[in-house]
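Overview (structure and organization)
Listed here are the chains, written in short residue letters.
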Amino acid sequence: MKKTHQKKHRNNFLGNIVAIVTPMKQDGNIDKVSLKKIIEYHIREKTNSIVIFGTTGEFSKITRKEYLETIFSAVEYSDNKIPIIVGNNSISTEEAILTNKLVQCSKISGCLINSPISQTILSQEELYIHFKKIAESSEDSQILLYNVPSRTKQNLSPSTISRLSEIDNIIGIKETSSDLKRMLKIKEVVNEDFIILSGNDLNFFDFMLAGADGVISVVANIAANLVFEICYSIRLGKIRKAKKIYSNLKPLIIKLSYSINPIPIKFACHKIGLIRSNYSRIEFRRDEKFKKFQKSLENFLLNFF
C-alpha cells in the first residue's frame, strides 16, 4: 500500500516550471539587469516556479561565487511572488551536501539534485545512498531528484525512486526520459503525493495526459504564457484546447533543439528582448551552418510571436 507524506509547499513544484537561462553581458559577466527582467516576465506570465542553474543555466561554467550571488539576487528579485528552485549539480555526495547547506539561507523553495557524475556506472544502492545522505543532511530542504542519464551516465530505476520517495523531504523527480511506460511505472510505485515532472518539452503534453504533474521547460523561457495555458487547460480537463496550443508550440520546441542547450534558447531570448546579450560560456562551433540556423530561427520567431 502506498504511503502518503505531508509535503510542505508542494504546490511550488507543480505545473509550469521554467529552467531559465543565465543571462550574461557581452564580456561574459552575469547580467543581473536581464536576470531581474526574466523573473519579472515569469511573474507576469503566471509561471509557477523558476529553476535557476539547471542545465539551461550553464551551471558547469559558473563559479561558486557567481552561483551564490546570482541565487541571492534571484530570490531578491522574486520578492516572494514566484518560488525559486536551485539546481545543485555537484559531482559528489559531499559537494552536494555542502552546496545544499550554502543555499538554504537564501530562502529558496527547494533544490533540484542530480546523480553524481562518475566515470563508472554506479549501483542503484550507491545512488540511493547518495540522495539519502543529501536529504538527511538538510531536512528543511525540499528536494527534487533530477534523473538525466544522458549527462550523468546514471539512471535511477523505478524501484530506487520508490525507495527515495519514502524520505519526507524528497518530494519529486524531474524525469528526462521520453519513455512514457517508464513514467507510468514510476507513478505506479511511488507515494501518491510524489511529484513527477517531465524534463523534456517534446513529451510533456503526453506525460501530463498520462498523469505527470507538470514540466520543467526550456521553451517557457520565451513562451511562458503558452506553457501555462497547456498545463492549466490539462488540469481543468480541457484537453482539446491544450492539444491545440501544444501543436502550435511544438514547431518552436523542435527549432530550439537544433544545437546544444542553451545556445538556441539564449539566442531566442535575446531576439525577443528578454536579455541584452546572447553570450554563452558554452563552447560551440560558430560556422556558416550555425549562422544560417540563427537567421532561420530569427525569421521563425518573427512569425511566431
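Refer to the structure presented above.
Residues numbered from 1 in each chain as written. Predicted model: local features only at pLDDT ≥ 70, side-chain atom pairs only at ≥ 80, totals over all residues. Heavy atoms only, no water.

Across its full length, the chain holds 12 helices and eight strands. Here the C-alpha radius of gyration of the chain, 18 Å, is about what a compact globule of 305 residues would show, namely 19 Å. Based on the C-alpha atoms only, the size of the chain along its principal axes is roughly 55 × 45 × 40 Å. Across the 305 residues that make up the chain, the buried fraction comes to 55%. Restricting to contacts in the chain with at least 6 residues of sequence separation, those with at least 24 account for 75%. Across the chain, the mean location of the 45 positive side-chain charges is 6 Å away from that of the 31 negative side-chain charges. (Helix = DSSP H or I, 4+ residues; strand = E, 2+ residues; numbered from the N terminus. Rg over C-alpha atoms; globule rule 2.2 N^0.38 Å. Buried < 20%, exposed > 50% of the residue type's maximum accessible area, 1.4 Å probe, protein only. Contact = heavy atoms within 4.5 Å. Lys, Arg positive; Asp, Glu negative; His and termini not counted. Charge placed at Lys NZ, Arg CZ, Asp CG, Glu CD.)

Before going further, it helps to examine the environment of Ile121. Locating Ile121 in the fold gives a position in the loop between β4 (110-114) and α4 (124-137). By relative accessible area, which is 64% here, Ile121 ends up exposed. It is 38 Å that separates the C-alpha atoms of Ile121 and His270, two residues lying 149 residues apart in sequence. In contact with Ile121, not counting residues within four places along its chain, are Lys153 and Gln154.

Scanning the entire structure with this criterion turns up 15 salt bridges. Linking Glu288 and Lys291 is a salt bridge whose minimum nitrogen-to-oxygen distance equals 3.7 Å. In this pair, Glu288 and Lys291 both sit in helix α12 (residues 288-304), three residues apart, roughly one turn of the helix. On the accessibility criterion, Lys291 (46% relative accessible area) is partly exposed. (Salt bridge = Lys/Arg side-chain N within 4 Å of Asp/Glu carboxyl O.)

What follows deals with the state of the cysteines. Two cysteines form a disulfide when their sulfur atoms are joined by a covalent bond. In the structure shown here, the tally under the stated rule is zero disulfides. Unpaired in terms of disulfides, Cys269 finds its nearest cysteine sulfur in Cys231, a separation of 18 Å. Residue classification places Cys269 among the buried residues on the basis of a relative accessible area of 0%. (Disulfide = S-S within 2.5 Å.)

Another aspect to go through is the environment of Gly214. Tracing the backbone through its elements, the reader meets Gly214 in strand β8 (residues 214-217). For Gly214 and Leu197, which are 17 residues apart along the polypeptide, the C-alpha to C-alpha distance reads 4.9 Å. Sequence-distant contacts of Gly214, that is, excluding residues within four places in its chain, are made with Gly15, Ile196, Leu197, Ser198 and Met208.

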